[in-house]
Amino acid sequence: MQTFLISFVEDNELGIYNKDIFVEGTDISVCFQESIKKYPTLYGIREIFGEIEERWKSYYTHETQDQLRRSELGHIEQIRATSPE
């Protein structure tokens, strides 16, 4: 199996934002065909070569990407709350 980093536009309760996650497939063609069905807003796919460090494996997951989005939204709200109007 090969590892690929796919990029797509996510539209969920956190809003609309770009998301990058690792997926596995036998080759880039198969990975593309499977990913485009699951993520119709797919706009990028990159093959990853070599060993992937654990920190990156956990960074490029749905859960971590959603956590980062929540954090980003919280930071934006915090800035809005403290900004003079």
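Please read all numbers here as calculations on a predicted model, not as lab measurements.

A. Molecular detail of the pattern of salt bridges. Tallying each qualifying case throughout the model produces 7 salt bridges. As a salt-bridge pair, Glu53 and Arg55 come within 2.9 Å of each other at their nearest N and O atoms. Here Arg55 falls in the exposed class, since its relative accessible area comes to 52%. Put simply, Glu72 and Arg69 hold a salt bridge, and the shortest N to O gap is 2.8 Å. One end of the pair is Glu72 and the other is Arg69, both in helix α3 (residues 62–82) and 3 residues apart, which spans about a single turn. Exposure remark for Glu72: the relative accessible area of 41% places this residue in the partly exposed category.

B. Fine view of the nonpolar core. Counting 8 residues, the largest nonpolar core is built from Phe4, Ile6, Phe8, Ile21, Val23, Cys31, Tyr39 and Leu42. Elements that contribute at least two residues to this core include exactly β1 (2–12) and β2 (15–25).

C. Representation of the pairing of β2 in the model. Note: β1 against β2, 11 bridges, orientation antiparallel. If you follow Leu5 over to β2, its bridge partner there is Phe22. Remark: 2 residues form the turn of the hairpin made by β1 and β2, two consecutive strands paired antiparallel.

The rules we used
- Residues numbered from 1 in each chain as written.
- Predicted model: local features only at pLDDT ≥ 70, side-chain atom pairs only at ≥ 80, totals over all residues.
- Heavy atoms only, no water.
- Salt bridge = Lys/Arg side-chain N within 4 Å of Asp/Glu carboxyl O.
- Buried < 20%, exposed > 50% of the residue type's maximum accessible area, 1.4 Å probe, protein only.
- Helix = DSSP H or I, 4+ residues; strand = E, 2+ residues; numbered from the N terminus.
- Core = buried A, V, L, I, M, F, W, Y, C linked by side-chain atoms within 4.5 Å.
- Pairing = 2+ DSSP bridges.

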